[in-house]
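Observations on the three-dimensional arrangement
Chain by chain, the residues run as shown.
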Amino acid sequence: MKSNIFSALRLTLVTIVFFAGIYTALVYGFSFITPNGGKGETTVQDGKTYYTNIGQSFTQDIYFYSRPSAVGYNAAGSGGSNKGPNNPEYLATVQARIDSFLVHNPGVQKSEIPSDLVTTSGSGLDPNISVAAAKVQVKRIAKLRKLNESTLVQLIDEQTEKPFWGMFGPEKINVLKINLALDQVSKSIQ
Amino acid sequence: MNTEILGIIVMFAATLLLALPLGSYMAKVYGNERTFLDFLFNPIERLLFKVSGIDARQEQTWQQQMAALLTINLVWFVLGMAVLMNQGWLPLNPDANPSMSGHLAFNTAISFIVNCNLQHYSGESGLSYLGQLFLMFLQFVSAATGMAAAVTVFYALRTGTYQTLGNFYNFFLKSATRILFPICLIVAAILMFNGTPMTFEGKDTVVSLQGDTVQVSRGPVAAFVAIKHLGTNGGGFFGANSAHPFENPSYWTNMVEMISQMLIPFAMIFAFGIFLKRRKLAWTIFSVMTIGFLLLTIPTIVAEMKGSPAMDQLGVSQPGGNMEGKELRFGAASTAYWSIATTVISTGSVNGMHDSFTPVAGINQLLAMMTNCFYGGCGVGILNYFIFIILAVFVSGLMVGRTPEFLGKKIEAKEMKIAMIIALLHPFLILAGTALAVSFPGYTAGTLNNPTFHGFSEMLYEYTSSAANNGSGYEGLGDNTPWWNISTGFILILSRYLPIIGPVAIAGILAGKKYIPESAGTLKTDTGTFGIMVFAVIAIVAALAFFPALALGPIAELFTK
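Treat the numbers as computed from the prediction; the structure is a model and nothing was measured. (Residues numbered from 1 in each chain as written. Chains lettered and ligands numbered in written order. Predicted model: local features only at pLDDT ≥ 70, side-chain atom pairs only at ≥ 80, totals over all residues. Heavy atoms only, no water.)

**With respect to the overall build of chain B**
Assigned secondary structure in chain B consists of 19 helices and four strands. The C-alpha atoms of chain B give 23 Å as radius of gyration, which agrees with the globular expectation for 561 residues (24 Å, within 12%). Along the first, second and third principal axes, the C-alpha atoms of chain B reach 75 × 60 × 50 Å. Considering chain B as a whole, with its 561 residues, one finds that 67% of them fall into the buried category. (Helix = DSSP H or I, 4+ residues; strand = E, 2+ residues; numbered from the N terminus. Rg over C-alpha atoms; globule rule 2.2 N^0.38 Å. Buried < 20%, exposed > 50% of the residue type's maximum accessible area, 1.4 Å probe, protein only.)

Here you go:
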C-alpha cells in the first residue's frame, strides 16, 4: 500500500507534466501556424473585427434577425433555454415571439415562419439561420432599405452555405456575414 | 438522399473503418508487440517510469492492480480538490474567476476522475485556465484508467490458467501515451484549422454590428476538446459544451468530434477479439451493441426531424425539425444522432440541449444510459457488457442443462453473485437517488426548470447520468446546490469503481481456474443465438427495472395532450 502511494504520487506528477504541460505546449505551438493563430475565426469590415462563428444579436428591422438567445448573445457565457417542449410558460414565450414577428413583418403568414426563428439555440450563440428564415424576412428588409426583393433573394442565394462537401448536413446562412453584405449592397446603391 | 441523413451514415461508417486498424494497433500495444511508434514512446515511457520509480514489467494479481488503480485515483481526487478550491489566486486566471466552493469542488473532482464529467458549473465563469488544464489532465488519466481495467480482463480471459495479469501501470500509461495522446494531437489540429481557439489571452470585448458591446470567452479550447471526446469524457470547456461555436465550429468539426468519441469504444471491442484471437466473438458483441444502438437512435432521429407537436399547434413550420436547444449548423438529425451516441458511450458531451428534446428522444437517451453497455465508455463499456455475458451464460446454461462456461472457464456461484450485484447496483443507485430527491422536495423542487412530468425527468436524468458515469444532463436543473453536488458525487464513486472492480474480480477468478478445452457439449458464445440471449438479458434487466420510472417521466409527457 505504502509503495503504491509513492508510485502513484510520482506517476501523477510526471503525467501532469506530460499531459497538461507538454501536450498543451505542442497544441499551443501548433496554433500559431493555423489560419487564425488559435484566436478564433474573425471577419474584418470597415476597420471593425467580429468573431465569425460567434452569433450576434440582430433585432433591428433593417437587418436579418438572428435567432432568439437564452444568453442574449453575450459570449461571456453560453447555454440554451432548457425548456421542455410542452412547458406552458415556454410555449407562451414562443407565441409572443411569433406575434412580434408578424407585427414587424406584415403580409407574412404564420405558417411561413420556420421554427428556428422563434426558438433559442443550444449555445445561445448560434451564428446561423436557415435559408427559409432569411427568405421570410425579405419583404420587410426590402421595404425598409428600399431595395428590390429580387436583389435580396440573390443575396440570400450567394450567402447560402452549402452542406459540407455538398453532401453532408444542412444548408445555412451566417447572419453576421449576410448582414455585412447587406450593408455593402445598400452602400453601393446610394 | 437527404444530406442530414447522409452525414450520419458517413459518420458511422467512418468510425467503423478507423476503429478496425486502431483495434489491431491497440491489441499490439497491449500485447507488448512491436508497433511503428515504438521509437518515440519506448524512451518516453522508460523515462516516465524511471522518474516514478515503477517497474512496469512486474507482474501483478488482479487484487494488486485494483489497489494500484484505487490509490492513484485517490491521489488525483485530493489534488483535484486542492486545485479547484484554490484556482482563484493561482496563476493562469486572466478572467479572474473565483475558487470553487467545497461541495462543488467535491462534485467536479470526482466527476472528472470517474470519467463522468457532470458539470455543475459553466467553464466561462467557473474555472481558471489552470483549473481547465488540470481537468484536461484528469480526462486523459481517467480514460486510461478505464482502458487499463479492460486490458486486465483481456489478460484474464486468455487460454490457460493465470495468477498474475500483467501490470496496471503499464496498461495505464501505454493507453494514455500510445493511444490517446497521438490521436488527440491530430484531432486538436483539425479543430484549430477550423476555428477552435487555443489561446491564453482571456476574454475579448467586441462591439457587434448592431452596436451592442459583448464579451467573448476564449481559452485553450482545442487541446481540451480533443481529449474530451477521444476519452469519452465529455466535460465541456464552455457551459454549452459542444453546442458552443468555439468548441464545435462547423459540421465538419462536428463529424470529427462525433467520430473521435465513438472511436475507442469501437476499437476496444476489435482489440479484444484480436488480442484473444476470438474475432468472431468480437463481431458478435459488436453486432449486438450496434442493434441496440440503432434501436435507440432511429426513433430519436425520426422524432426530432419531425419536430415538436406543440410547435405545430402554434402554427409555425418546422422544416428543420425540433430546433429548440439545437444549432443550425448541425441540424436536428445529427444532433439527435449525437444525443444517443453520447448517452450509449458515456461521453456525455452534448451539441444540443437534451432538456428541450421531444419525449421520444428523452426515453431513448435515458434508456441508453440505463442499459449502459452498447459500446459504452473507454474500457468500461466492454466491462459492463462482460457482466451481461456472464448473466446470459448462466441463464442459457440453465435453459439447456449444461454447466455454464465462458471461454473455457466454469462460471460458478461466486462469479454469479458478483455479476448480479453489479447488474442490480445500476438500477438501485438511479431509482434510490431519484426516490430520495422526490421525497425531499424542500431541497430539489426549487431547482427544477420545468413543471410536472418533465420536471421529474430532470431529476431522473441527473441520477441516471451520474450512475452511468455519463455526464450529460437536463441542464435546466439548477444543480449547483449541496444536495445535487453531494448526492450525485457519492453515486459517481459507487457507480464507477464497483463496476470496474466487479468484472475484473470475475475475470481474475476465472483466470485462476482450470481451462476446459471446447467440446461438443460446450455452449458457444460467439453465435447469433447467444448474441440474442445477451440482448434479451440486457433488455429484461433495463426494461423491468426502469419502466415504472420512465412511465412517470417522458412516457407520461409523451401521452399528455
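**With respect to the domain arrangement of chain A**
Along its sequence, chain A is carved into domain 1 (1-39) and domain 2 (40-189). Measuring from the centre of the C-alpha atoms in domain 1 of chain A to the corresponding centre in domain 2 of chain A gives 41 Å. (Domains from an automatic or database assignment.)

**Things to note about the interface of chain B and chain A**
Counting from both sides, the interface comprises 105 residues of chain B and, opposite them, 97 residues of chain A. Interface area for chain B against chain A, summed over the two sides, is near 8,000 Å², with a carbon-plus-sulfur share of 66%. Remark: the boundary between chain B and chain A carries one salt bridge. In this structure, Glu201(B) engages Lys39(A) in a salt bridge whose closest nitrogen and oxygen atoms are separated by 3.0 Å. Connecting chain B to chain A are 41 residue pairs in polar contact (both at pLDDT 80 or more). Of all the elements, helix H7 (residues 168-193) of chain B adds the most residues to the side of chain B that touches chain A, at twelve residues. Class assignment for the residues of the side of chain B that touches chain A results in 61 nonpolar, 28 polar and 16 charged. (Contact = heavy atoms within 4.5 Å. Buried area = accessible area lost by both parts, 1.4 Å probe. Salt bridge = Lys/Arg side-chain N within 4 Å of Asp/Glu carboxyl O. Polar contact = N/O pair within 3.5 Å; in protein donor to acceptor, adjacent residues only side chain to side chain. Nonpolar A, V, L, I, M, F, W, Y, C, P; charged D, E, K, R; others polar.)

**Quick look at the pattern of salt bridges**
Here the idea is simple: oppositely charged side chains can pair when their charged atoms come close. Tallying each qualifying case throughout the model produces 18 salt bridges over all chains. Between Lys177(A) and Glu161(A) there is a salt bridge, with its nearest N and O atoms 3.8 Å apart. Here the residue Lys177(A) occupies a position in helix H6 (residues 175-189), and Glu161(A) occupies one in strand E4 (residues 160-161), the gap between them amounting to 16 residues. Close ionic contact of Arg218(B) with Glu201(B) constitutes a salt bridge, the shortest N to O distance being 3.4 Å. You can see Arg218(B) sitting in the loop between strand E2 (213-216) and helix H8 (221-230) and its partner Glu201(B) sitting in the loop between H7 and strand E1 (204-207), a full 17 residues away along the chain. Glu201(B) gets classed as partly exposed once you look at its relative accessible area, which sits at 45%. Salt bridges sharing partners connect three or more residues here, namely Lys39(A), Glu201(B) and Arg218(B).

**Here's the deal with the pairing of strand E2 (residues 48-51) of chain A**
Residues and elements named next belong to chain A. For strand E1 (residues 42-45) and E2, the ladder comprises four bridges, and the chain directions are antiparallel. Paired with Gln 45 across the bridge in E2 is Lys 48. Between E1 and E2, which pair antiparallel in sequence order, lie two residues; one of them, Asp 46, sits at a positive phi of approximately 50°. (Pairing = 2+ DSSP bridges.)

**Details of the packing of helix H6 (residues 129-156) of chain B against helix H14 (residues 380-400) of chain B**
All names here are of chain B. Interaxial distance between H6 and H14 falls to 8 Å at its minimum, and their mutual angle equals 45°. When the axes of H6 and H14 are compared, the pair comes out oblique. Each of Gly 146, Ala 149, Ala 150, Val 153 and Phe 154 in H6 lies in contact with H14, whose residues at this interface are Val 380, Ile 382 and Leu 383. Across the contact of H6 with H14, the residue classes tally to seven nonpolar, one polar and no charged. (Axes fitted to C-alpha atoms, helices over the stretch in contact; angles between N-to-C directions. Parallel < 35°, antiparallel > 145°, perpendicular 65-115°, else oblique.)

**What about the packing of helix H4 (residues 138-145) of chain A against helix H5 (residues 149-159) of chain A?**
All names here are of chain A. Two elements in contact, H4 and H5, have axes whose closest approach is 9 Å; the angle formed by their N-to-C orientations is 125°. In terms of orientation, H4 and H5 fall into the oblique class. H4 and H5 meet at a crossing whose hand is right-handed. Across the interface between the two elements, Val 138, Lys 139, Ile 141 and Ala 142 from H4 touch Glu 149, Leu 152, Val 153 and Ile 156 from H5. (Left-handed = near helix turned anticlockwise from the far one by under 90°.)

**Thoughts on the packing of aromatic side chains**
All names here are of chain B. In this structure the tally under the stated criterion is 51 aromatic pairs over all chains. With 5.9 Å between their ring centres and 40° between their planes, Phe 154 and Phe 275 make a pair best called tilted. Here Phe 154, found in helix H6, pairs with Phe 275, found in helix H9 (residues 251-275); they are 121 residues apart in sequence, far enough to count as distant. Assigned by exposure class, Phe 154 and Phe 275 land together as buried. Taking the centre distance of 5.2 Å and the plane angle of 40° together, the rings of Phe 270 and Phe 286 count as tilted. Here the residue Phe 270 occupies a position in helix H9, and Phe 286 occupies one in helix H10 (residues 279-306), the gap between them amounting to 16 residues. (Phe/Tyr/Trp six-rings, centres within 6.5 Å; stacked < 30°, edge-to-face > 60°.)

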